[in-house]
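Structure at a glance
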Amino acid sequence: MSTILSSAKGWPSILLARAGASKPADLDDAIKAGAFEALRRSVRELGPEGTIAEVKASGLRGRGGAGHLTAAKWQAAAETPAKERYVVANGYGADPATSTDRTLLETDPYAVIEGVAIAAFTIGAETGYISVRASATQAIKGLETAIEAATARNFIGEDALGSGRRVEIEVRPVQGAYMLGEETVLLKALDGKRGQPEQRPPHPATRGFHGAPTVVQNVQTLASVPWIIRHHAKAFGAIGFGAAPGTILVDVRGPERSGVAEVPMGTPLEAIVELGGRFAKGRSLKAVVVGGPTGGILPPSELKTPYTFDDLRSVGAHIGSGSVIAADDRACVVDVARLLTRFSADEACGKTIPCRIGVRRIAEIGERLTTGTSRAGDLDLLVDLSADVVGSALCDHERLATLPMLSGLRYFRDELDAHLLRGECPAGVCRPIRLGATA
Ligand SMILES: Cc1cc2nc3c(=O)[nH]c(=O)nc-3n(C[C@H](O)[C@H](O)[C@H](O)COP(=O)(O)O)c2cc1C
Ligand code: SF4
């Protein structure tokens, strides 16, 4: 299990509030800590319409990266005429270096199970799947134990909560590359098929697993729902920041500490970076990589940015996998951007040409910059290519894959120019090109 970093005193906790008190093997402890209270309220008091209204009033947005409104998906799935419907909890964790979702699954499986059950009751689904990376064996074992215990106590199962409704939940280990986290690929993997992203619309909420309405939701999103129903939408809205209420898990890599922490949405990036500790004497923060492999590379001048979907997007980054990595003055931003873009080019599924070719060409620009083989006009080409790639493909990957190089260009132009115009790497990382005067 990843280290859980303690957040600042006074920061509210939703997702990790029961860490340690919700062990899979001890449902009684989890119940004492509030597990399944919200499911009871949702089924016996609120009903589907009341539950959707509460989730809508909370303003909950998906934690899987894009920040779509959760209630809108539930409503679409509930209103689409169908014989069967499904709920899929996305716990795949596409970024192999980030363990936010796995940490949640390991520390409070009952919150995710309860979230899936509430969603299933609400949209009229009989089956919910919790998809987890097959290598996350501790999370899988814990979920299986917890599902068995919750079924034995009739919270889920044949006649769940005596409602006359059947709600079965299954853990589905899946294994694949980065793209498997994308919702339409995940749905195919759940069916045992290889997949590439599908054109949308139709969105899975209206036409998903086996062609049926399917709510695909990140595990943090689902685990937030029981808290919302227990404490009411208003309390959730009071945490966080304007259009981004609630909390989120971040995976912080800092000079002194690395681990997973829960932070209120809207927390300034600076406070998140500080969770990773201070740099040793003589070292300083040069850049923060925010969002994982397709993240933006931000300079210290952007540290006041609130950690929200919209604010990060406006500065050229995104929440993505929840990863926040602090890089010190020894890092070469061009090399970091090159590395991340190469990852994106290699992971692109190849279904759409602008992404398949364009991201590869962008990665090559990075590779030329870091090996002293740049061509005049490479930075203009980077801007042109990025504009062509963005918005022309089937999934968000193509837009996000341009962020490392574009944010490098936006904030570290001098460093890119040093590589391009003088064949120098000021940080002394890229060889065989010469070191710059500051090295
Ligand atoms: C390349 C790619 C990888 C993704 N990986 C994940 C992932 O690992 N986990 C996740 O929850 N969402 C991931 N997403 C987003 C999902 O497609 C989907 O939007 C999300 O699971 C919906 O849940 P939410 O509304 O609760 O965020 C990925 C998207 C893309 C384009
Ligand atoms: S944008 Fe890229 S990753 Fe997404 S479907 Fe097209 S080729 Fe595949």
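Treat the numbers as computed from the prediction; the structure is a model and nothing was measured.

1. Details of the site of ligand 2
Contacts to ligand 2 come from Met179, Pro197, Cys349, Gly350, Lys351, Thr352, Cys355, Ala393, Leu394, Cys395, His397 and Glu398. Of the residues contributing to the shell around ligand 2, the split by class is seven nonpolar, three polar and two charged.

2. A closer look at the sheet that holds strand S10 (residues 296-298)
Across the sheet, which stays open at both edges, the five strands sit in the order S8-S7-S11-S9-S10 with mixed pairing between neighbours. One side of each edge strand has no neighbouring strand; the edge strands of this open sheet are strand S8 (258-264) and S10. On average, each strand axis in the sheet is tilted by 25 degrees relative to the strand beside it, whichever way the strands run. Looking at chain direction, strand S9 (residues 285-290) and S10 are connected through three bridges and run antiparallel. The residue of S10 that forms the bridge with Val290 is Gly296.

3. Regarding the sheet that holds strand S1 (residues 86-91)
The strand order across the open sheet formed by four strands is S3-S2-S1-S4, and the pairing between neighbours is parallel. The sheet is open, and its two borders are formed by strand S3 (168-174) and strand S4 (214-218), each paired with just one other strand. For this sheet, the mean angle separating the axes of adjacent strands, direction not counted, is 20 degrees.

4. Brief notes about the environment of Pro48
By the secondary structure assignment, Pro48 is in helix H2 (residues 37-58). The exposure class of Pro48 is partly exposed, given its relative accessible area of 44%. Sequence-wise, Pro48 and Ala120 are 72 residues apart; in three dimensions their C-alpha atoms are separated by 9.6 Å. Not counting residues within four places of it along the chain, the set of residues in contact with Pro48 comprises Phe121 and Thr122.

5. A look at the site of ligand 1
With respect to spatial proximity, 16 residues lie near ligand 1, and among them Gly64, Lys73, Ala94, Asn218 and Thr221 are the closest. In the environment of ligand 1, a nitrogen atom lies 3.4 Å from a nitrogen or oxygen atom belonging to the backbone of Gly181. The side chain of Gln217 places a nitrogen or oxygen atom 3.1 Å from an oxygen atom of ligand 1. The element best represented in the shell around ligand 1 is S4, accounting for three residues. Along the lines of polarity and charge, the residues of the shell around ligand 1 split into four nonpolar, eight polar and four charged.

6. A short note on the pairing of strand S7 (residues 247-253)
Counting buried residues along S7, six of its seven residues qualify, which places the element largely inside the surrounding structure. Both S7 and S8 contribute to a ladder of seven bridges, which runs antiparallel. Residue pairing in the sheet places Thr247 in a bridge with Pro264 of S8. The pairing of S7 with strand S11 (residues 323-328) spans three bridges and is classified as parallel. Of the residues in S11, the one forming a bridge with Arg253 is Ile325.

7. Structural notes on the domain arrangement of the protein chain
What the domain assignment lists for the protein chain is domain 1 (27-240) and domain 2 (282-435). On the domain 2 side, the residues contacting the 20 residues of domain 1 number 17 residues. Surface buried jointly by domain 1 and domain 2 totals about 1,500 Å² across both partners, of which 59% is contributed by carbon and sulfur atoms. The largest share of the area that domain 1 buries against domain 2 comes from Tyr178, Met179 and Gln196, three residues that together contribute 35% of it. Viewed at the interface, domain 2 and domain 1 are joined by two salt bridges. When the shortest N-O distance is used, the salt bridge between Asp310 and Arg61 registers 3.4 Å. Linking domain 1 with domain 2 are seven residue pairs in polar contact (both at pLDDT 80 or more). Looking at the side of domain 1 that touches domain 2, its residues break down into six nonpolar, eight polar and six charged.

8. Considerations on the nonpolar core
Across soluble globular proteins, nonpolar side chains show a tendency to be buried alongside one another. Counting residues in each nonpolar core, the largest one holds 60 residues, and the members touching the most others are Phe36, Trp74, Val112, Ile113, Ile130, Val132 and Ile169. Ranked by residues supplied to this core, first place goes to helix H5 (residues 109-123) with 11 residues. Not counting chain neighbours up to four residues away, the residues in contact with Phe36 comprise Leu27, Tyr110, Ile113, Glu114, Ala150 and Phe155.

9. Brief notes about the pattern of salt bridges
Overall, the coordinates contain 29 salt bridges when judged by the stated rule. Note that Glu45 and Arg41 form a salt bridge whose closest N and O atoms lie 3.2 Å from each other. Taken together, the positions of Glu45 and Arg41, both in helix H2 and four residues apart, correspond to about one turn of that helix. Between Asp191 and Lys193 there is a salt bridge; the shortest N-O distance is 3.3 Å. The network of salt bridges with common partners includes Glu126, Glu158, Arg166 and Glu168.

Scoring rules and cut-offs
Residues numbered from 1 in each chain as written. Chains lettered and ligands numbered in written order. Predicted model: local features only at pLDDT ≥ 70, side-chain atom pairs only at ≥ 80, totals over all residues. Heavy atoms only, no water. Near = heavy atom within 4 Å. Nonpolar A, V, L, I, M, F, W, Y, C, P; charged D, E, K, R; others polar. Pairing = 2+ DSSP bridges. Helix = DSSP H or I, 4+ residues; strand = E, 2+ residues; numbered from the N terminus. Axes fitted to C-alpha atoms, helices over the stretch in contact; angles between N-to-C directions. Buried < 20%, exposed > 50% of the residue type's maximum accessible area, 1.4 Å probe, protein only. Contact = heavy atoms within 4.5 Å. Polar contact = N/O pair within 3.5 Å; in protein donor to acceptor, adjacent residues only side chain to side chain. Domains from an automatic or database assignment. Buried area = accessible area lost by both parts, 1.4 Å probe. Salt bridge = Lys/Arg side-chain N within 4 Å of Asp/Glu carboxyl O. Core = buried A, V, L, I, M, F, W, Y, C linked by side-chain atoms within 4.5 Å.

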